[in-house]
Amino acid sequence: MLRDQKDQIVKQMRDDVANAAGVLFLDFTGLTVAEADVLRGKYREANIGYRVFKNTLMLRALADTPYEAAGGCLKGTPTGVVIGREDPVTPAKITFEFIKDCKHIRVKGGILDNAAMDPSQVEDLSKMPSREEMQAGIVLQALSPGRNLAGQIKNPAGQIVGAIEALVEKLEETGEAA
């Protein structure tokens, strides 16, 4: 690979990491082609980037940046780099869900808020609610007071209707005229 090509890759990776909501580094040693295709498909469906880089190029991309400390996990085999574009939780969730079925893949570390994360921190991140789950929770909380108010208004009216129906039934049983 030519020096200019490498420089272009490093620049693109630096930009991708700088604009990412979260980044994960994976050791994919032993991963079969079929397993890799499945994992890439899951990432693609969630609009998550995934590429494999030589560690030296990735280290150059991280050099002189706030997240340079994350380079400590870039040792050994080439690294799979997962770029979470929209939120940092979804890539971690997908990765750890995949790890349950495929033991060949291992999380080396990651980057969140310009800080390096170790594998246990990435796993903790995977257990947090995703952006969509948090948005749904906020909507439910926003609607909750309205539901409570509707229940408060409806309940007395329901009691009155129930009392009238009981009175009508009682009058019909006794044969009295209303």
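Residues numbered from 1 in each chain as written. Predicted model: local features only at pLDDT ≥ 70, side-chain atom pairs only at ≥ 80, totals over all residues. Heavy atoms only, no water.

### Topic: a nonpolar patch on the surface
The grouping of Ile160, Ile164 and Val168 at the surface amounts to a nonpolar patch, some 270 Å² of accessible area in total. Here Val168 is to be found in helix 6 (residues 131–174). (Patch = residues over 30% accessible without salt bridge, like charges linked within 9 Å, V, L, I, M, F, W, Y side chains within 5 Å. Areas by Shrake-Rupley, 256 points an atom, 1.4 Å probe, with all protein chains shown as cover. Salt bridge = Lys/Arg side-chain N within 4 Å of Asp/Glu carboxyl O. Helix = DSSP H or I, 4+ residues; strand = E, 2+ residues; numbered from the N terminus.)

### Overview of the pattern of salt bridges
Under the criterion given, the structure shown has six salt bridges. Salt-bridge contacts for Glu97 lead to Lys100; the nearest nitrogen and oxygen are separated by 3.5 Å. In this pair, Glu97 and Lys100 are both assigned in helix 4 (residues 89–101), three residues apart and thus about one turn of the helix distant. Residue Lys100 is classed as exposed on the basis of its relative accessible area, which comes to 56%. Ionic pairing is found between Glu123 and Lys127, a salt bridge with its closest N-O pair at 4.0 Å. For Glu123, a relative accessible area of 35% gives the class partly exposed. (Buried < 20%, exposed > 50% of the residue type's maximum accessible area, 1.4 Å probe, protein only.)

### Observations concerning the side chain of Asp27
Counting through the fold element by element, Asp27 comes out in strand 1 (residues 22–27). Excluding its chain neighbours within four sequence positions, the residues that come into contact with Asp27 are Thr77, His104, Ile105, Arg106 and Lys108. (Contact = heavy atoms within 4.5 Å.)

### Section: the packing of helix 2 (residues 33–45) against helix 4
Their axes nearest at 10 Å, the elements helix 2 and helix 4 cross at an angle of 155°. On the basis of the axis angle, helix 2 is roughly antiparallel to helix 4. Of the two possible hands of crossing, helix 2 and helix 4 adopt the one that is right-handed. Contacts between helix 2 and helix 4 involve Glu35, Val38, Leu39, Lys42 and Tyr43 on the former and, on the latter, Pro91, Ile94, Thr95 and Phe98. For the contact of helix 2 with helix 4, a count of residues per class yields six nonpolar, one polar and two charged. (Axes fitted to C-alpha atoms, helices over the stretch in contact; angles between N-to-C directions. Parallel < 35°, antiparallel > 145°, perpendicular 65-115°, else oblique. Left-handed = near helix turned anticlockwise from the far one by under 90°. Nonpolar A, V, L, I, M, F, W, Y, C, P; charged D, E, K, R; others polar.)

### A short note on the packing of helix 1 (residues 3–19) against helix 3 (residues 55–62)
Put simply, helix 1 and helix 3 touch, their axes get as near as 8 Å, and they point 55° apart. In terms of orientation, helix 1 lies oblique with respect to helix 3. Relative to helix 3, helix 1 is oriented so that their crossing is right-handed. Side by side, helix 1 and helix 3 meet where Arg3, Lys6, Asp7, Ile9, Val10, Met13, Arg14 and Val17 of the first sit next to Leu57, Met58, Arg60, Ala61 and Leu62 of the second. Residues of the contact of helix 1 with helix 3, tallied by class, amount to eight nonpolar, no polar and five charged.

### Describing the sheet that holds strand 3 (residues 79–84)
Strand order in this open sheet of five strands is 2-3-1-4-5, and the pairing throughout is antiparallel. Only two strands of the sheet have a single partner each, and these edge strands are strand 2 (48–53) and strand 5 (115–117). Adjacent strand axes in the sheet meet at a mean angle of 20° when their direction is disregarded. Pairing of strand 4 (residues 106–112) with strand 5, which is carried by three bridges, proceeds in the antiparallel orientation. If you follow Leu112 over to strand 5, its bridge partner there is Ala115. In this fold helix 2 packs onto strand 1, strand 2 and strand 3, with an angle of close to 140° to the strand it touches most, strand 2. Packing against the sheet, helix 4 makes contact with strand 1, strand 2, strand 3 and strand 4, and its axis sits at approximately 25° to strand 1. (Pairing = 2+ DSSP bridges.)

### Notes on unusual backbone geometry
Its identity as a non-glycine residue notwithstanding, Asn47 has a phi of 60°, on the positive side. Tracing the backbone shows Asn47 in the loop between helix 2 and strand 2. Of note, the phi angle at Asp64 is positive, near 60°, even though the residue is not glycine. Given the relative accessible area of 72%, Asp64 is considered exposed.

### So, a negative patch on the surface
Together, Glu165, Glu169, Glu172 and Glu173 make up a negatively charged patch on the protein surface. Tracing the backbone shows Glu169 in helix 6. (Lys, Arg positive; Asp, Glu negative; His and termini not counted. Charge placed at Lys NZ, Arg CZ, Asp CG, Glu CD.)

On their own, these measurements won't tell you what the molecule is for.
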